[in-house]
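Reading the structure
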Amino acid sequence: MALRSHVIGTGMCVPDRVVTNADLTRWMDTSEEWIEQRTGILERRWIEPGQRPSDLAREASHAALAQAGLEVGDIDCILLATLSAEHDFPGTSFFLHEALDAGNVPCIDLRAQCSGFLYALQMADALIRSDVHRRVLVLGCEVHSTGLDVSTEGRDVTVIFGDGAGAVLLEASDEADGPGVLGVRVHAEGKHARRLWTEAPSSAASPRLTAEMIEKGRHFPFMDGRFVFKHAVTRMPEVLLETLDATGHALADVDLFLFHQANLRINEFVAQKLEIPAEKVLNNIQRYGNCSAAALPILLAEASRSGALEPGQLVSLTAFGSGFTWGSALLRWG
Ligand code: UT7
């Protein structure tokens, strides 16, 4: 029985196309100042026509495999978290599977929106510790840009979202005190699902998508921004502390805090509430916007490559998002 799972490779991929705040002002009534002051975002990446979510996920997967010195044939299972499936049916992971030429290893799409990576990490960790799989590739992958309202009507939502993919490769470890996933806690509160959602297409409607739904903009994401913000700054500290407590660690033990990249102000608020020094918090929302399930693995891949995260250090990852869902993980890096 493996004692724990540990990260042996990370990877990320964002599209080359940079969309700045100034670009957005050409399509909608907004300003560079509003976006920067309210969200911290300066630019985001959006795909080019013809680019697909599975293209981004493939690049991120190859980068994680290369860092681990392994090949596609060494993976036993693929878990991909997304809220923006390449096709509703069957999802994104199967197109990634095809792109990787992954033989017949199992793959699955996981739906937990902005907390999706942490839900997937918890499942991968459990699969490894119970000896079902030895190596699991965990991804977060989103293409928001093709589903956004770029008119003034959609400005509150559209300005925050970006496209991207991040991947981590987890492997079984028998080292009791070695690096690895020390704990993951996740939660949900479905009664708030309609506060941050895309109503159409819906399998509860027949047909699932009508001209009227499109005319009314029901196929664009809706967000009750202030309500979401309020819950995020309450739930994130709560679950972060819960996870630390469950693993027998204190806030001061943590070397690096990675928060979901939804809004820089949320992260500043959370850090302030917990009295976490700014130098212990890493953000990249300024460059990528909110990539939902992909945000944390992209941030982790950047942290591991930039030297912000060193072997032996404790890293805490925390997210909140649609569902509502929220969660936190504590990892010893190595
Ligand atoms: O990733 C999943 C989780 N998501 C989140 O955690 C996001 C949480 N929410 C937020 O980050 C913030 O609520 C937003 C950044 C989305 C919005 O910021 P806000 O400070 O809550 O603004 P608001 O929606 O309350 O709107 C304030 C004003 C409104 O104008 P009035 O009614 O005061 O005249 C909006 O119409 O700002 C206006 N506004 C904009 N103005 C310029 C909304 N969006 C824009 C915009 N540009 N893009």
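All of these numbers come straight from a predicted model, not from anything done at the bench.

1. Some thoughts on the site of the ligand
The environment of the ligand is made up of 19 residues, and the closest members are Thr-30, Arg-38, Arg-226, Asn-263 and Asn-290. One of the side-chain N or O atoms of Arg-226 is found 2.7 Å from an oxygen atom in the ligand. Between the ligand and Asn-263, the relevant distance is 2.7 Å, taken from an oxygen atom to a side-chain nitrogen or oxygen of the residue. The biggest single contributor to the shell around the ligand is helix α8 (residues 225–246), with four residues. The class makeup of the residues in the shell around the ligand is nine nonpolar, six polar and four charged. Looking at the shell around the ligand, you find at least three residues from each of domain 1 (4–173) and domain 2 (180–332).

2. Side note on the side chain of His-6
Note that His-6 resides in strand β1 (residues 4–13). For His-6, the residues in contact, after removing those within four places along its chain, are Leu-169, Leu-170, Glu-171, Ala-172, Ser-173, Pro-179 and Gly-180.

3. Some thoughts on the domain arrangement of the chain
Once the domains are mapped, the chain shows domain 1 (4–173) and domain 2 (180–332). Inter-centroid distance (C-alpha atoms) of domain 1 to domain 2 is 14 Å. Taken together, the 54 residues of domain 1 in the interface contact 50 residues of domain 2. Across the domain 1 to domain 2 interface the summed buried area is about 3800 Å²; carbon plus sulfur atoms make up 63%. Connecting domain 1 to domain 2 are 20 residue pairs in polar contact (both at pLDDT 80 or more). Elements represented by at least two residues in the side of domain 1 that touches domain 2 include exactly β1, α2 (32–39), β3 (43–45), α3 (53–68), α5 (116–129), β6 (135–142), α6 (155–158) and β7 (164–173). Residue composition of the side of domain 1 that touches domain 2, grouped by class: 23 nonpolar, 19 polar and twelve charged.

4. Considerations on the environment of His-87
By the element assignment, His-87 lies in the loop between β4 (77–81) and α4 (93–100). Expressed as a C-alpha distance, the spacing of His-87 and Pro-53, which sit 34 residues apart in the sequence, is 9.8 Å.

5. A short note on a negative patch on the surface
On the surface, Asp-131, Asp-174, Glu-175 and Asp-177 cluster together into a patch of negative charge. With respect to the helices, strands and loops of the structure, Glu-175 is situated in the loop between β7 and β8 (180–188).

6. So, the sheet that holds strand β11 (residues 256–259)
Strand order across the open sheet formed by five strands is β8-β14-β13-β11-β12, with mixed pairing between neighbours. Every other strand in the sheet has two partners, leaving β8 and β12 (281–282) as the edge strands with one partner each. Pairing of β8 with strand β14 (residues 325–332), which is carried by eight bridges, proceeds in the antiparallel orientation. Looking at β14, one finds that Val-186 is bridged to Gly-327. Lying over the sheet, α5 contacts β8, β13 (314–321) and β14, oriented at roughly 125° with respect to β8. Against the sheet, helix α11 (residues 295–306) engages β11, β12 and β13, with an angle of about 150° to β11.

7. Description of unusual backbone geometry
If a residue is not glycine, its phi is most likely negative; likewise, a peptide bond is most likely trans. Of note, the bond from Phe-89 into Pro-90 is cis; its omega dihedral lies within 30 degrees of zero at 20°. Note that Pro-90 resides in the loop between β4 and α4. Residue Phe-324 is reached from Gly-323 by a cis peptide bond, and omega for that bond is -20°. If you trace the backbone, Phe-324 turns up in the loop between β13 and β14. In the Ramachandran plot, Asp-131 falls in the positive-phi region, its phi being about 65° despite a non-glycine side chain. Looking at where Asp-131 falls in the secondary structure, it is placed in the loop between α5 and β6. The partly exposed category is assigned to Asp-131, whose relative accessible area is 45%. Not every positive phi belongs to a glycine, and Ser-292 is a case in point at roughly 45°. With respect to the helices, strands and loops of the structure, Ser-292 is situated in the loop between α10 (285–288) and α11.

Conventions we followed
- Residues numbered from 1 in each chain as written.
- Predicted model: local features only at pLDDT ≥ 70, side-chain atom pairs only at ≥ 80, totals over all residues.
- Heavy atoms only, no water.
- Near = heavy atom within 4 Å.
- Polar contact = N/O pair within 3.5 Å; in protein donor to acceptor, adjacent residues only side chain to side chain.
- Helix = DSSP H or I, 4+ residues; strand = E, 2+ residues; numbered from the N terminus.
- Nonpolar A, V, L, I, M, F, W, Y, C, P; charged D, E, K, R; others polar.
- Domains from an automatic or database assignment.
- Contact = heavy atoms within 4.5 Å.
- Buried area = accessible area lost by both parts, 1.4 Å probe.
- Patch = residues over 30% accessible without salt bridge, like charges linked within 9 Å, V, L, I, M, F, W, Y side chains within 5 Å.
- Areas by Shrake-Rupley, 256 points an atom, 1.4 Å probe, with all protein chains shown as cover.
- Salt bridge = Lys/Arg side-chain N within 4 Å of Asp/Glu carboxyl O.
- Lys, Arg positive; Asp, Glu negative; His and termini not counted.
- Charge placed at Lys NZ, Arg CZ, Asp CG, Glu CD.
- Pairing = 2+ DSSP bridges.
- Axes fitted to C-alpha atoms, helices over the stretch in contact; angles between N-to-C directions.
- Buried < 20%, exposed > 50% of the residue type's maximum accessible area, 1.4 Å probe, protein only.

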